[in-house]
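# Analysis of the macromolecular model
Residues per chain are reported as follows:
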Amino acid sequence: MNISLNWLNDYLKTDLNVEEICKILTAIGLEVGGYEKIESVRGGLKGLVIGEVKTCENHPDSDHLHITTVDLGDGRLTPIVCGAPNIAAGQKVVVATIGTVLYDGDKEFTIKKSKLRGCESEGMICAEDEIGVGNSHDGIIILPAEVKVGTPAAEYYNITNDYCIEIDITPNRVDGSSHLGVARDLAAYLQQTRDIHYTLPSVDAFKVDNDTAGLSVEVARPEACLRYAGVCIEGVKVQESPEWLQTRLKTIGHNPINNIVDITNYVLFELGQPLHAFDKDKIKGNKVVIRSFPTGTKFTTLDGVERELNENDLMVCNIKEPMCIAGVFGGLNSGITEQTTNIFLESACFDPVFVRKTARRHGLSTDASFRFERGTDPNIVIYALKRAALLIQETGGGKITSDIIDIYPNPVADFKVELLYSHVDRLIGKAIGHDTVKKILRALEIKIVEENDERLLLHIPPYRVDVRREADVIEDILRIYGFNNIEVPTKVNSTLSYSEKPDDFQLKNKISELLVANGFYEIMNNSLTKAAYFENLETYKAENTVILFNPLSSDLNAMRQTLLFGGLETISHNVNRKSCNLRLFEFGKAYSFTPKESDNHLKQYKEEDKLSLFITGDKIQASWNSKVQKSDFFNMKCYVEMVLTRLGFKPDTLTTEEVCEDIYREGIAYCHNGKHIATMGMLSYKVLKLLDIDQDVYYAEFSWENILKNLKNHIITFAPMPKFPAVKRDLALLLDKKISFKEVRDIALRTEKNLLKSVTLFDVYEGEKLGINKKSYAISFLLQDEEKTLTDKQIDKIMNKLIGSYKHLLNAEIR
């Protein structure tokens, strides 16, 4: 939301500069994103003065240049060489003095002392387009004779500077989305220290010239239209807006169109009340009907796009067809054109829910819908209508040919709130005094209906749609009183809290620290995603997707079933910007829908906590002492098992199985006590193609809820360090290719349960010399007795048992 400082000063006269105003607005909840100085003429005509040409002679070496002397009011005659055909002695002209900066589009140049064909020139006599006050370049500007020599050009042309203040409006503060709203809040703050009030332009001059329009209005859907008002103005002239109106709109970044449309926009930004002007002669049957049309009805909007209406789209219509999407966008065939002479001016208050749903259905977002969606003031409808009608008469003439039509069957009452002083002091953290509370409330235009020493009964105006509870009122009091006026306490209050084990927050922090220490970056993606991602997937079926009724866009029309696609979007974004080596993790929620025949619809929806890991690109980058190593399957497996180990899962308590899913080319799943806790693998080309990623990505997803359930029974035990040494023995086994290391390890642990502490694989070899479908495993066994030192006899006995088991169960050969 952009605010013009000059425009704001029309309603609230202050001696504050722009920086002070911005600081106050941010402090009272209207956060200023920045401000920019706006000049009606670029450069502000600095260095340009009015001069009088005293002499003018032809240049001896040119057929078009003239040598002049000009009186600039500084006590001397300034020599200037000029090529304009219309220059003559005795003229009053605009002169750019030495050092003046002039602009030509995006280019700029500085006037310097120079010689033109041997003659000195100490300035430049200017044309309109050269200084930005017009478009003519036929000759120099010739001013009236009475203009005083030496007058600054900025003073003669009445050049004014302004500031455009950018305010970041939060969704609950639609009352601040206008110059009136900002002036009202600023005045409320300043009234705490000075006697100041904002004022609005008078509309007392509004009168009906004759009641001959004969137009009628019917509201067929009163639940969607709280108030509808309009007036007819005939005999208007559609033309270019006056300079002051164009300047105001341009300052806040809005392009002028014509005087009628510009007035409706002007009042919108002035008061926060959207208006719409119809060509009255195009209203068939001379009747306006607020209604809906059947789903599928075609309607062409102002942008030339043909749209299909929904039965719940509220439309402003004539007796035959729709003319406008109420509160959102006008129609192509009922708007104002250069041929328009009679208009019907609309001012209404539409239901926020209807407008919001309609705008989302059609993918439209306008200045009008922005305000209607959040709630407009039904009590300003008539004032805005009169204000616009008077401005239209001022800029385009015409006569008001109807009484104001006002359909307001159920007036919106003020919100009633009871405020306890004790609650004010408790929530603010300081006793600010009853008189201060009442002074702030009155400044905020909140009526005090009843009061005593303990409480106040308040009536809050409808334009404050965000203030309906006692806590909201206290928040409003605090923002005007000033957050910085609340002293920081000198003592700290704390409470002891008991958290159930395992502590979810603590565990997430531990794992986050572990991953960051291993080079991972945490990401946070939107829980809204694109439903199209889940089409043609078996792992995450489209029918299990939670679809939004009113999505912000087609790219955010569903809840995510997995953290996968959000992470891939992050990877795609980075890869496209040449950041290809990534390690990412995310904690987040995933959502699913399972259709069931049940009276309890909530049971059909499921929300789960997840942890995801992503690895792509190089594991080790090239340097003077190392070669490039690509990330691989076992790299991801290492991180997954590291996380599980840090969580307290022992490797021998986990079971794994291969995963053949459509999202993985190859993968494995981890289970504990029969419950799935993690899945990892290399993502399939099909999934990567959805995001246009052409490098391998390894992905792991942990079921955080199942992990927490398994850890509830996890007991940490302590044991002393062993006093006796461990012994290491190696075996080289010749095995069939289909035998996995897991089988080898499990057999070893079953064969020797007491003294065998670990089994590790340190080499794998395959070759023609071993035979077809054969491979060699080099395995290390760690043996230890915690009560005594192992003897060679014991060690050999254990190793012979292991060899026997491998020969018997795996048909292994010892190499």
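Here we summarise the structure given alongside this text.

The rules behind each value
- Residues numbered from 1 in each chain as written.
- Predicted model: local features only at pLDDT ≥ 70, side-chain atom pairs only at ≥ 80, totals over all residues.
- Heavy atoms only, no water.
- Helix = DSSP H or I, 4+ residues; strand = E, 2+ residues; numbered from the N terminus.
- Rg over C-alpha atoms; globule rule 2.2 N^0.38 Å.
- Buried < 20%, exposed > 50% of the residue type's maximum accessible area, 1.4 Å probe, protein only.
- Contact = heavy atoms within 4.5 Å.
- Expected span 1.5 Å × (residues − 1).
- Axes fitted to C-alpha atoms, helices over the stretch in contact; angles between N-to-C directions.
- Parallel < 35°, antiparallel > 145°, perpendicular 65-115°, else oblique.
- Left-handed = near helix turned anticlockwise from the far one by under 90°.
- Pairing = 2+ DSSP bridges.
- Salt bridge = Lys/Arg side-chain N within 4 Å of Asp/Glu carboxyl O.

### Describing the overall build of the protein chain
Each helix and strand in the protein chain was counted, giving 20 helices and 43 strands. Computed over C-alpha atoms, the radius of gyration of the protein chain comes to 39 Å, more than 25% over the 28 Å expected from 2.2 N^0.38 for 815 residues, which places it beyond the range of a compact globule. Counting all 815 residues of the protein chain, 48% fall into the buried class. Within the protein chain, contacts between residues at least 6 apart in sequence are counted, and of these 70% link residues at least 24 apart.

### Some details on helix α13 (residues 470-481)
Helix length check: α13 (12 residues) gives 16 Å between terminal C-alpha atoms against 16 Å at 1.5 Å per residue, within 8%. Burial analysis of α13 places 10 of its 12 residues in the buried class, the great majority of the element. Among the residues of α13, E470, D472, V473, I474, D476, I477, L478, R479, I480 and Y481 are the ones counted as buried.

### Some thoughts on unusual backbone geometry
Excluding glycine, residues mostly carry a negative phi; peptide bonds, for their part, are mostly trans. Even without a glycine there, the phi angle at N536 is positive, about 65°. Its relative accessible area of 67% is what places N536 among the exposed residues. Its identity as a non-glycine residue notwithstanding, N773 has a phi of 60°, on the positive side. Mapped onto the secondary structure, N773 falls in the loop between β41 (756-765) and β42 (774-783).

### Digging into the packing of helix α6 (residues 243-251) against helix α7 (residues 259-271)
Interaxial distance between α6 and α7 falls to 11 Å at its minimum, and their mutual angle equals 50°. Looking at the two axes, α6 sits oblique to α7. The handedness of the crossing between α6 and α7 is left-handed. Note on element contacts: α7 touches α6 through N259, D262, I263, Y266 and F269, opposite W244, L245, R248 and L249.

### Thoughts on the sheet that holds strand β30 (residues 546-547)
With respect to topology, 3 strands assemble into an open sheet ordered β29-β31-β30, the strand pairing being antiparallel. Two strands in the sheet have a free side with no partner beyond their single neighbour: β29 (528-529) and β30. Note that β29 and strand β31 (residues 558-559) share 2 bridges and pair antiparallel. Note on β31: the bridge partner recorded for T529 is A558.

### Thoughts on helix α10 (residues 381-396)
The first and last C-alpha atoms of α10 sit 22 Å apart over 16 residues, in line with the 22 Å expected at 1.5 Å per residue. Buried residues dominate α10, accounting for 13 of its 16 residues. Looking one or two residues beyond α10, the residue adopting positive phi is G397, at roughly 70°.

### What to know about the pattern of salt bridges
In this structure the tally under the stated criterion is 46 salt bridges. With a shortest N-O distance of 2.8 Å, D185 and R479 are connected by a salt bridge. Taken as a pair, D185 in helix α5 (residues 179-190) and R479 in helix α13 lie far apart in primary sequence, 294 residues in all. You'll find D185 and R479 in the same group, each marked buried. Across the pair D609 and K508 runs a salt bridge, and its minimum N-O distance is 3.9 Å. In this pair, D609 sits in strand β33 (residues 605-616) while K508 sits in helix α14 (residues 504-517), placing the two residues 101 residues apart along the sequence. On the basis of relative accessible area, D609 is assigned to the buried category, the value being 13%. Here the salt bridges share partners, and the residues they tie into one network are R173, D175, D185, R464, D466, D476 and R479.

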